[in-house]
Amino acid sequence: MYIFAGIIILVVIIALAEILPMCFMHPLASGKVEGTDIITLKNRNNNLFLIPSGENWIVIDAGSDVREIKLQMERLSIDAKKVLGVFLTHTDYDHVAAVSLFSNAVIYMSELEKQMIDGSTYRQPMKKNKLPETCGADRIVYLPDNEVVHLGGHSVRILYVPGHTKGSAMYAVDGNYLFTGDACRISRGEIKVHPYTMNRRQARESIVKIKKELGRYEKVFTAHYGQLQ
Ligand SMILES: [Zn+2]
């Protein structure tokens, strides 16, 4: 009897630990980001970002809800086939789902994050990250730290910020905008370690790196907590 009650309590605690952090997330509303030409789509509790490039687009992260993203893109007359590249900050399920929509895009991610999808590192006990099946290895370009990709008239620099996942990264676009993914959260205007983090020591070191970078950019976007500046 006591064992049974103990198991129930444990399951409730684990469930609360999973769900509670989501209640404090506050992604941006879908639409054009004020003062920029960036479009963001809110899906469930996060944002993906579309940056125009003439008639084409580059995308930062790929959201969690394929149907919702498809619908929102249709409403905005954005053709998913015109996405040239998708830059993944990491490979958690809520950042990769809609990659399947962007069938012509090259997929960029950090070389360090490869271990999260090749089976060598588990996200949680019994749980591995994976990309949608349509993302063959031939579509993925793994980037070393600080590499700059020139695509569609934009320059995109990858900066490694591991901790949340083993190979989490952020992207600086055109030297103006910084996209931190889940390398940090925002609480009362301060940046802090994001929930669901694999290595808190590394994540804290990454936060020091993010703080050093902040002054260089006009705007800084997180995936779940809106804009920092
Ligand atoms: Zn994540």
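Refer to the structure presented above.
Residues numbered from 1 in each chain as written. Predicted model: local features only at pLDDT ≥ 70, side-chain atom pairs only at ≥ 80, totals over all residues. Heavy atoms only, no water.

Asker: Would you mind showing me how to read the environment of Glu 205 here?
Answerer: Here Glu 205 shows up in helix α4 (residues 200-214). Since its relative accessible area comes to 46%, Glu 205 is described here as partly exposed. A C-alpha to C-alpha distance of 8.1 Å links Glu 205 and Val 161, two positions 44 residues apart in sequence. Within polar-contact distance, the side chain of Glu 205 engages the side chain of Arg 201 at 2.9 Å. (Helix = DSSP H or I, 4+ residues; strand = E, 2+ residues; numbered from the N terminus. Buried < 20%, exposed > 50% of the residue type's maximum accessible area, 1.4 Å probe, protein only. Polar contact = N/O pair within 3.5 Å; in protein donor to acceptor, adjacent residues only side chain to side chain.)

Asker: Would you mind going over the sheet that holds strand β11 (residues 177-179) with me for this structure?
Answerer: Hydrogen bonds between backbone atoms are what pair the strands of a sheet, whose relative direction is either parallel or antiparallel. Reading across the sheet, the 5 strands line up as β8-β9-β10-β11-β14 and stay open at both edges, with mixed pairing between neighbours. Taken across any chain shown, the strands that pair with only one partner, and hence form the sheet edges, are β8 (148-151) and β14 (219-221). On average, adjacent strands in this sheet sit at an angle of 20° to one another, irrespective of strand direction. Bridge count for β11 against β14 is 3 bridges, and the pairing is parallel. Its bridge partner being in β14, Tyr 177 is matched across the sheet by Lys 219. (Pairing = 2+ DSSP bridges. Axes fitted to C-alpha atoms, helices over the stretch in contact; angles between N-to-C directions.)

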